[in-house]
Amino acid sequence: MTGWAADEEFAGVTPQLTVADTAAAVRFYTAVFGADELLRNHASDGRVMHCELLVGGGRLLLHDEFPEHGAGRGPIALGGTSVVLHLYVADVDAVFAAALAEGATELMAPQEAFWGDRYAMIEDPFGHRWSVAQRAADPSVAELQERADRWAEDNAGVSPNGTAAERRD
């Protein structure tokens, strides 16, 4: 494989989120996901230009909006996002409740998903969407296909994450 090199601290894909208020985002991710802040660098005007968190063993990078430098805007300024960040947790119900208590919006209440996870979705106060899951069952490939087929029959027009499915002509 070419084009990438492994790094002990940054294994795999590392999400980098743009938010309107990094300090508030760090407080939210710490309270809800148990994030540990590793470092934070400020620009001369006080905005955060780089912040690293450790969440569930992986890195999450954050920075404030810097539209004048091409660093973009967060989902709220853009009017939404098409990205969902997924995190396995020890207790979906507890994380979901903590997220709502910290100002997140419910997208999908905790439920048993056909693929074997207890699963929920939220939108954080900064416009980023998260799904949280914990393994509840480990269906075989055949069972998973049967469950998916049954779910699709019972839920026409809804995507597996609970939102209205987009129609593609």
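Numbers given for residues are sequential positions, taken from 1 along each chain in its written order. In keeping with the model being predicted, local features are shown solely for residues with a pLDDT of at least 70 and side-chain atom pairs are shown and tallied solely at 80 or more, while totals for entire chains, interfaces and linings include all residues. The side-chain quantities take in all heavy atoms of the structure and omit both hydrogens and water.

1. Describing the nonpolar core
Here, nonpolar core means buried Ala, Val, Leu, Ile, Met, Phe, Trp, Tyr and Cys residues that are tied together by side-chain atoms lying within 4.5 Å of each other. Residue exposure (1.4 Å probe, protein chains only): buried if accessible area is under 20% of the type maximum, exposed if over 50%, otherwise partly exposed. Grouped together as the largest cluster of nonpolar side chains are 29 residues, with contacts concentrated most on Phe28, Tyr29, Phe33, Leu53, Leu60, Leu62 and Trp130. Put simply, the parts of the chain that give this core at least two residues each are β1 (16-19), α1 (22-33), β3 (48-55), β4 (58-64), β5 (84-88), α3 (92-101), β7 (117-123) and β8 (129-135). By definition, any uninterrupted DSSP run of H or I lasting at least four residues is a helix, any uninterrupted run of E lasting at least two residues is a strand, and each is numbered from the N terminus. Tallying contributions element by element places α1 first for this core, with seven residues. Those residues within four positions of Leu60 in sequence are excluded, and the remaining contacts are Pro15, Leu17, Tyr29, Cys51, Glu52, Leu53, Val55 and Trp130. Counting residues in hydrophobic clusters, the runner-up holds five residues, among them Met108, Ala113, Met121 and Ala133. Residues are treated as being in contact if the distance between any of their heavy atoms lies within 4.5 Å.

2. Quick word on the sheet that holds strand β6 (residues 105-112)
By definition, two strands form a pair when at least two bridges between them are found by DSSP. Read across the open sheet, the four strands follow the order β5-β8-β7-β6; overall the sheet is mixed. Strands at the two margins of the open sheet, each flanked by one partner only, are β5 and β6. Strand after strand, the sheet turns through a mean of 15° between neighbouring axes, direction not considered. By the bridge criterion, five bridges tie β6 to β7 in an arrangement that is antiparallel. Looking at the pairing, Glu106 lines up with Ile122 of β7. Only the stretch in contact is used when a helix axis is fitted, and all axes are lines through C-alpha atoms; the angle between N-to-C directions ranges over 0 to 180 degrees.

3. Let's talk about α3
When we look at burial in α3, the residues that qualify are Val92, Val95, Phe96 and Ala99. The buried side chains of α3 occupy one side of the element, clustering within an arc of 100° when seen end-on. Where α3 is buried, its residues meet α1, β6, β7 and β8. Put simply, Asp91 is the residue that caps the front of α3, since its side-chain oxygen is 3.1 Å from the backbone nitrogen of Asp93. Arc, as used here, means the arc of the directions from the helix axis to the C-beta atoms. Pairs of N or O atoms are called polar contacts if they sit within 3.5 Å, as long as, within protein, a hydrogen donor faces a hydrogen acceptor (for residues adjacent in sequence, only side-chain-to-side-chain pairs).

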